[in-house]
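# Descriptive structure summary
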Amino acid sequence: MNPDASRLWRAPRWALSVLLACLAMVGPFSIDTYLPAFSGIAAALDATPVQMQQTLSAYLLGFAVMNLFHGALSDSFGRRPVVLIGLAVFTLASLGCALATSIGQLVFWRTVQGMSAGAGIVVSRAIIRDMFPPSEAQRVMSQVTIFFGVAPAIAPIVGGFLFVHADWHSIFWFLTAVGAALLVSNWRLLPETLHKDLAQPFRVGPLMRDYWRLCTSWRFMMLVLASGIPFNGMFLYVLAAPVFLGQHLQFEPTQFFWFFLCSIGGIMGGAAVSGRLAGKLPPKRQIMRGFRIMLAVSVLNILLNLFAPLKAFWALPLVGLFAFGWAMMVPVVTLLVLDQVPERRGMASSLQACIGSAANGVVAGLLVPLVMHSTVALALASASMMLIGLVAWYGVRRSIAN
């Protein structure tokens, strides 16, 4: 924690949470806004469904690769410069997407979007731990998750409206405006939270050795898997939304928001509960409660998809309940990840985000195309993601103090 933290931000804590949540929401906002326009973009650019899916996987893989460097760069040069440069590149990439005239151009600029969007979520985690002790950091992390959940709930509504009443280009013009607004607001408001005595030299060789040390740390990797992989149990439904909602549930593009209201509502509710439990319930018990909710929902989801007619009234709330369980436990696990390397929290956040994003990219590019045409397969894939996280947590929980 920065010893000067009390002097860096004198406004209410919730205001900092809002600012950091806006940074964290850039990534998911870039995904959710254009999903309702998938079919329209494909028709306009003469792209196949597989090519359109690659606009997602290219974004996620670009996000994963650059996440290795966002946190490390912020450990060396400061949190503020990395955030501002990331937002500037994101704005430029969104402009490139808006002007794209072929699927190849769109994939390229989506990759650049992904490479820049990760700066916000990676650095915001490090800023929280710079500014607050553990129990307060959990509350702020939960607040960030709550505020962060508002944007993806609004994003598909905005995307569907723009697509229906304008065209798909307008969605990326909108993201360009969002990037520019965040760049200006963070230029004016975001303080530098890295204490000068904690700055680390940026050398690629030692950095890669430190990453290797973390990758070979059993405790670190199990915590990363426990926090990141279960997210894909919900996220694969987001990635499969054009098929899951448009074909299986027969939703119109303007109706996609019901799905996102359920999923993001679950995230916001789980994060709110996590914040209230901070300092009251031992971290290990809180994490297990989240996993028990996800396990129960996964079993029910499989059974209903096997034996009941598919209906939105039960399919969408189950995704929301799964998200609730994940959001209840993930702030706690994330702080445990960052505290594995207290002197290099930016680097730890980078590697955590990189591994999670790489998993997201694999799910988007390989798993979702295999399972999205069957609701039973989607339910089984979701349960598998949760089980990987649960096994990882059981592998490490005995070594974690209450």
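Scope of this entry: the structure provided in the associated data block. (Residues numbered from 1 in each chain as written. Predicted model: local features only at pLDDT ≥ 70, side-chain atom pairs only at ≥ 80, totals over all residues. Heavy atoms only, no water.)

## Side note on the overall build of the chain
Each helix and strand counted, the chain has 18 helices and zero strands in total. Rg of the C-alpha trace for the chain: 20 Å, near the compact-globule value of 21 Å for 402 residues, within the 12% margin. Dimensions of the chain along its principal axes, counting C-alpha atoms only, are 55 × 45 × 40 Å. In the chain, 86% of the contacts between residues at least 6 apart in sequence involve partners at least 24 apart. Total accessible area on the chain stands at roughly 15,600 Å², and carbon and sulfur atoms take up 69% of it. With 26 positive and 13 negative side-chain charges, the chain shows a separation of 11 Å between the mean positions of the two kinds. (Helix = DSSP H or I, 4+ residues; strand = E, 2+ residues; numbered from the N terminus. Rg over C-alpha atoms; globule rule 2.2 N^0.38 Å. Contact = heavy atoms within 4.5 Å. Areas by Shrake-Rupley, 256 points an atom, 1.4 Å probe, with all protein chains shown as cover. Lys, Arg positive; Asp, Glu negative; His and termini not counted. Charge placed at Lys NZ, Arg CZ, Asp CG, Glu CD.)

## Here's the deal with the side chain of Q113
Positionally, Q113 belongs in helix α7 (residues 103-131). Among residues more than four places away in sequence, those in contact with Q113 are S30, Y59, F90, A93, S94, C97, F172 and L175.

## A look at the environment of A126
Along the polypeptide, A126 turns up in helix α7. Note on A126: relative accessible area 0%, which makes it buried. Beyond its immediate sequence surroundings of up to four residues, A126 is in contact with R79 and G346. (Buried < 20%, exposed > 50% of the residue type's maximum accessible area, 1.4 Å probe, protein only.)

## Some remarks on unusual backbone geometry
Unlike most non-glycine residues, D46 shows phi in positive territory, near 55°. Residue placement: D46 occurs in the loop between α4 (38-45) and α5 (49-77). Under the relative-accessibility criterion, D46 is labelled exposed at 70%.

## Concerning the environment of S227
Along the chain, S227 falls in helix α11 (residues 218-228). Residue class for S227 comes out buried when judged on its relative accessible area of 4%. Other than its neighbours up to four places away in sequence, S227 contacts W326, V330, V333 and Q352. Within the structure, S227 has its side chain in polar contact with the backbone oxygen of V224 (distance 3.0 Å). (Polar contact = N/O pair within 3.5 Å; in protein donor to acceptor, adjacent residues only side chain to side chain.)

## Observations regarding the packing of aromatic side chains
With the rule as written, the count across this model stands at 10 aromatic pairs. Ring geometry for F29 against F174: centres 5.9 Å apart, planes inclined by 40°, an arrangement best described as tilted. Taken together, the positions of F29 in helix α3 (residues 26-32) and F174 in helix α9 (residues 168-189) put the pair 145 residues apart, joining distant regions of the chain. Looking at F29, the relative accessible area reads 6%, which means it is buried. Under the relative-accessibility criterion, F174 is labelled partly exposed at 26%. With centroids separated by 5.0 Å and ring planes inclined at 50°, the aromatic side chains of F231 and W326 adopt a geometry described as tilted. (Phe/Tyr/Trp six-rings, centres within 6.5 Å; stacked < 30°, edge-to-face > 60°.)

## Describing the nonpolar core
By size, the foremost hydrophobic cluster in this structure holds 128 residues, and its most contacted members are L35, I41, F172, F244, L245, F259 and W393. Looking at this core, the element that brings in the most residues is helix α16 (residues 312-338), giving 17 residues. Setting aside chain neighbours within four positions, we find I41 in contact with Y34, M52, L106, W168 and F172. (Core = buried A, V, L, I, M, F, W, Y, C linked by side-chain atoms within 4.5 Å.)

## A few points about the environment of M288
You can see M288 is positioned in helix α15 (residues 283-307). Residue classification places M288 among the buried positions, given a relative accessible area of 10%. Separated by 40 residues in sequence, M288 and M328 have C-alpha atoms that sit 9.6 Å apart. Residue contacts for M288: discarding those within four places in its chain leaves W393 and Y394.

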